[in-house]
Amino acid sequence: MKKVIKGICVLLVICLIAVVGFEGYKYFKYKSGIPILGYHNVVSDEDKAKYHRGDIYTMAVSDFEKQMKYLADNQFTTLSLGEVTEWYEGRMEIPLKSVVITFDDGFETFNTMVKPILEKYNLKATCFVIGVLCQDEPDFYEYLKQDQLVNTQNVEYYSHSYNLHVSTGMFEKKIETLTTEEIKEDFAANKGIVDDRYFAYPFGRPSKTSREVLVENGTIMGYGYAQNRRATRSDDRYLMPRFLMYSFMNMTWFKWIVD
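Residues numbered from 1 in each chain as written. Predicted model: local features only at pLDDT ≥ 70, side-chain atom pairs only at ≥ 80, totals over all residues. Heavy atoms only, no water.

### Side note on the overall build of the chain
From N to C terminus, the chain includes 8 helices and 10 strands. A burial count over the chain gives 46% of its 259 residues as buried. The long-range share in the chain, meaning contacts at least 24 apart out of those at least 6 apart in sequence, stands at 66%. (Helix = DSSP H or I, 4+ residues; strand = E, 2+ residues; numbered from the N terminus. Buried < 20%, exposed > 50% of the residue type's maximum accessible area, 1.4 Å probe, protein only. Contact = heavy atoms within 4.5 Å.)

### Looking at unusual backbone geometry
Most peptide bonds adopt trans geometry, and most residues besides glycine take a negative phi value. If you check the backbone angles, S161 has positive phi at about 90° while not being a glycine. Within the secondary structure, S161 sits in the loop between β7 (155-159) and α6 (180-190). You will see that F203, though not glycine, has its phi angle at about 65°, which is positive. For F203, the position within the fold is in the loop between β8 (198-200) and α7 (208-217). Here F203 falls in the partly exposed class, since its relative accessible area comes to 29%.

### Looking at the pattern of salt bridges
Evaluation of the coordinates by the stated rule reveals 15 salt bridges. The shortest N-O distance in the salt bridge between E93 and R233 comes to 3.2 Å. With a gap of 140 residues between them, E93 in the loop between α4 (81-88) and β5 (98-105) and R233 in the loop between β9 (221-223) and β10 (243-244) connect regions that are remote in the sequence. Ionic pairing is found between K184 and E216, a salt bridge with its closest N-O pair at 2.9 Å. Highlighted residues: K184 in helix α6 and E216 in helix α7, separated in sequence by 32 residues. Under the relative-accessibility criterion, K184 is labelled partly exposed at 26%. (Salt bridge = Lys/Arg side-chain N within 4 Å of Asp/Glu carboxyl O.)

### Points about the pairing of strand β6 (residues 125-129)
With 5 of 5 residues buried, β6 is to be regarded as a mostly interior element. Neither face of β6 is exposed, since A125, C127 and V129 on one face and T126 and F128 on the opposite face are all buried. Two strands pair when backbone bridges link them, and β5 and β6 are joined in this way by 4 bridges, in the parallel orientation. From the neighbouring strand, D105 faces β6, where its bridge partner is V129. Viewed along the sheet, the connection from β5 through helix α5 (residues 109-121) into β6 turns out right-handed. In terms of strand pairing, β6 meets β7 through 5 bridges, oriented parallel. When the bridges of β7 are listed, T126 appears paired with E156. (Pairing = 2+ DSSP bridges. Right-handed = clockwise from strand over helix to strand, strands pointing away.)

### Concerning the confidence of the model for the chain
For the chain, per-residue confidence averages 89 on the pLDDT scale, and residues scoring 70 or more make up 86% of the total. Ignoring residues within four places in sequence, the model shows residues 17-23, a span with pLDDT below 50, making 2 contacts including any to other chains. (pLDDT = per-residue confidence, 0-100.)

### Description of the pairing of strand β1 (residues 36-39)
Side chains I36 and G38 of β1 all project onto a buried face; the interleaved residues L37 and Y39 project onto the opposite face, where all are buried too. The pairing of β1 with β5 spans 4 bridges and is parallel. Bridge pairing in β5 links G38 to T102.

### Side note on helix α3 (residues 61-73)
The terminal C-alpha atoms of α3, which comprises 13 residues, lie 18 Å apart, in line with the 18 Å expected from a rise of 1.5 Å per residue. Phi turns positive, to about 55°, at Q75, one or two residues after α3. (Expected span 1.5 Å × (residues − 1).)

### Considerations on the side chain of N41
If you trace the backbone, N41 turns up in strand β2 (residues 41-43). When its relative accessible area of 7% is taken as the criterion, N41 is described as buried. One polar contact links N41 to T109, side chain to side chain, over a distance of 2.4 Å. (Polar contact = N/O pair within 3.5 Å; in protein donor to acceptor, adjacent residues only side chain to side chain.)

Listed below in structure tokens is the structure:
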């Protein structure tokens, strides 16, 4: 039994070293790129403790504000997706301390919790919205409605699909099962609801057919998820990498990503 436990411990240490080594490799390889942060939901500290304690994608507002204050206090420049495009295409140089803030799913809290903090610190962010949830059905009360998708100096809203953010199995996503024509139909349903010049793949996972639709549609850039590295000019413009931002992320972790 002692040998088994010792073997397991050795294996865990090897795995830890491998993970740290891989993350270090990514850090140094892509450190000249832009960190693109990907959040989901921000709620009050009370709601986090009461309703979202185990939800790793829902962050307490006090933690989110600490991160934004750090960016502001340290003179970071937050970029719009249009500015990312200018940089990517070589038509714009950006400050060394640049970062991109994105949110997925279009929770109503983006306007009520996130937007005031962005305005307070004069930061920019993009919210990727699911079109079908912008409709007026009362069951969808927690999501932004179409008339709330008003671009300002600090915030912009783009597409997270009309209705492709659906799982069809434990490891299978709806977008991975559809034909090119079916994905085109989803894009067509979103016209007039959410701007699709920029697109975040549902669950961060593109398929060959979805990428083809983005190209044919004239979408400027597509954003993935959880590659957990910086974006560079050599990246596929239809699969730009983002860092997945967790609710349990401490400031040391946050600084490691952005600095």
